Amino acid sequence: TITTPGDGKYIDIDSVQIVSPATAKGVGTYDDADPAWGYTGSWTTYSGSGPTANTMHYTNATGASASFTFQAPAQFIFKYAAASNRSTILISVDGGLPIQVNAYNATPLWQQTYISGIYSDNHSHIVTISTPGNGTYIDVDSITISP
């Protein structure tokens, strides 16, 4: 995925070289620090008690996104934090229309979950987590791929 900063200015792309294909992950839990996660834009790493494995990525940057490729048949369980400075998390699969997950809560809540539908085909799918671009924070804690 190649994205622009969205500032109305032009960019040029001459070519793209694929160094190695993304490997779809199977059943298991993958923390935010797992190398299978891909991050674009500005993200900060949190380390401390609360999230899965005591780590989490967070951002409030417009255009920031995180992606994870999984192998179906499966469903995914995405974990995030909810707090008073959190916002709507946009979750899309394979570039489809994003689902909006409300991560606002008056008091902090760790390891909140979004559970996807079941993907019954035998294909790989890309989950993309992104910000709505309103300046509030979103988190990536972990993803679990289950049969």
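The paragraphs below set out a description of the structure included in this document.

Below, the discussion takes up unusual backbone geometry. In this chain, Ala-72 is followed by Pro-73 through a cis amide linkage whose omega measures 10°. Positive phi is not limited to glycine here, since Asn-54 has a value of about 60°. Assignment of secondary structure puts Asn-54 in the loop between strand S3 (44-47) and strand S4 (55-59). Phi angles above zero are rare outside glycine, and Asp-94 is one such case at about 55°. Here Asp-94 is to be found in the loop between strand S7 (88-93) and strand S8 (99-102).

Checked against the element boundaries, Ser-116 lands in the loop between strand S9 (109-115) and strand S10 (124-130). Here Phe-76 takes part through its backbone nitrogen, which lies 2.9 Å from a polar atom of the side chain of Ser-116. When sequence neighbours within four positions are dropped, the list of residues in contact with Ser-116 reads Gln-75 and Phe-76.

Cut-offs and rules
- Residues numbered from 1 in each chain as written.
- Predicted model: local features only at pLDDT ≥ 70, side-chain atom pairs only at ≥ 80, totals over all residues.
- Heavy atoms only, no water.
- Helix = DSSP H or I, 4+ residues; strand = E, 2+ residues; numbered from the N terminus.
- Polar contact = N/O pair within 3.5 Å; in protein donor to acceptor, adjacent residues only side chain to side chain.
- Contact = heavy atoms within 4.5 Å.

Everything listed here is a matter of coordinates, which is why it stays silent on function.
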